[in-house]
Amino acid sequence: MANWLEEQLHQAMATLTAQRDRIEEAKAELATRTSSVTSTDHMVTVTVDANNKVVGLKFNTTKYRSMHPDQLAQVLLEVLGTARQQMADTAAEVFGPLLDARTDLRAAMAGNTEVDAMFAPVWGLAPTDPFGRKRD
C-alpha cells in the first residue's frame, strides 16, 4: 500500500476512534442526567431518566385525593410530557456538538476536507492503487 494511502487510512481511523470516544463520553454523561418537572399547582413531581423511563413520582400535596380521575390523569400526562421534552432537549445539548464532528467525519471519509481540496492538484500525480485506479 502506498505511504500516502496508508497515512490517509490511519487518519481516518484516528478520526473514527476519536469520534467513538466522544460518543461514549456523551452517552455516559447523559446516563447520569434526569429531568424533574413539578406541576403548576405543585401537586406532583415526575422524574425521568435519559431513556425517558419514569424513575420518580412524588405527590407533594394530598390534592390528588379529591381530584376527578380524568383531571389527575391529565395533570400527570402533562408533567410527564414536559419532563420527557426536557430530557430530549438535554440529549440534544449533550450530543449536539457531536453532530458537527459527524459532518467532519463524513467529509474525511469521502475525501472532501479542506486538506483534500488543497492537495487536489497533485492527486493526479499519485500512484495508482493495487487495482490500477487513480484517485479522483
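Preceding this section is the structure that the text describes.
Not measured: the values here are computed from a predicted model.

Colleague: I keep staring at the sheet that holds strand E3 (residues 54-59) and nothing clicks. Help me out?
Modeller: Two orientations exist for strands paired in a sheet by backbone hydrogen bonds: parallel and antiparallel. What the 3 strands build is an open sheet, ordered E1-E2-E3; its pairing is antiparallel. Every interior strand has two partners, whereas the edge strands, strand E1 (34-38) and E3, have only one. Mean inter-strand twist for the sheet, computed between neighbouring axes without regard to direction, equals 10°. As judged from the 5 bridges shared by E1 and strand E2 (residues 44-49), these two strands associate in the antiparallel manner. Among the inter-strand pairings, Thr-38 is bridged to a residue of E2, identified as Thr-45.

Colleague: Sorry, what's going on with helix H1 (residues 3-31) here?
Modeller: Given 3.6 residues per helical turn, the α-helix brings residues three or four places apart onto the same face. The first and last C-alpha atoms of H1 sit 42 Å apart over 29 residues, in line with the 42 Å expected at 1.5 Å per residue. Taken together, the buried positions of H1 are Gln-19, Ala-26 and Leu-30.

Colleague: I'm lost on the nonpolar core in this one. Help?
Modeller: Among soluble globular proteins, nonpolar side chains are generally buried collectively. Core analysis: the biggest nonpolar cluster contains 16 residues, and Met-43, Val-44, Val-46, Val-48, Met-67, Val-75 and Val-79 have the highest contact counts within it. If you list the elements that add at least two residues to this core, you get H1, E2 and helix H2 (69-110). If we ignore the near neighbours within four places in the chain, the residues touching Met-67 are Met-43, Leu-72 and Val-75.

Colleague: Looking at this structure, I do not really get unusual backbone geometry. What am I missing?
Modeller: Located in the positive-phi region is His-42, a residue other than glycine, with phi close to 65°. Mapped onto the secondary structure, His-42 falls in the loop between E1 and E2. Its identity as a non-glycine residue notwithstanding, Asn-52 has a phi of 60°, on the positive side. Checked against the element boundaries, Asn-52 lands in the loop between E2 and E3. The exposure class of Asn-52 is partly exposed, given its relative accessible area of 27%.

Colleague: Could you clarify how one ought to interpret the pairing of E1 in this entry?
Modeller: The side chains of a regular strand alternate between the sheet's two faces. Burial along E1 is one-sided: Ser-35 and Val-37 are buried, and none of Thr-34, Ser-36 and Thr-38, which face the opposite way, are. In this antiparallel pair of consecutive strands, E1 and E2, the connection spans 5 residues, and His-42 shows a positive phi of 65°.

Colleague: Where do I start with the pattern of salt bridges in this structure?
Modeller: Any two side chains of opposite charge can pair if their charged atoms end up close together. All told, the structure shown has 5 salt bridges when counted by the stated rule. Among the salt bridges present, the one from Arg-33 reaches Glu-93, with a minimum N-O distance of 3.8 Å. Of this pair, Arg-33 sits in the loop between H1 and E1 while Glu-93 sits in helix H2, placing them 60 residues apart in sequence. You can call Arg-33 partly exposed: its relative accessible area is 24%. Two residues, Asp-41 and Lys-63, come together in a salt bridge whose shortest N-O distance is 3.1 Å.

So, how was this worked out
- Residues numbered from 1 in each chain as written.
- Predicted model: local features only at pLDDT ≥ 70, side-chain atom pairs only at ≥ 80, totals over all residues.
- Heavy atoms only, no water.
- Pairing = 2+ DSSP bridges.
- Helix = DSSP H or I, 4+ residues; strand = E, 2+ residues; numbered from the N terminus.
- Axes fitted to C-alpha atoms, helices over the stretch in contact; angles between N-to-C directions.
- Expected span 1.5 Å × (residues − 1).
- Buried < 20%, exposed > 50% of the residue type's maximum accessible area, 1.4 Å probe, protein only.
- Core = buried A, V, L, I, M, F, W, Y, C linked by side-chain atoms within 4.5 Å.
- Contact = heavy atoms within 4.5 Å.
- Salt bridge = Lys/Arg side-chain N within 4 Å of Asp/Glu carboxyl O.

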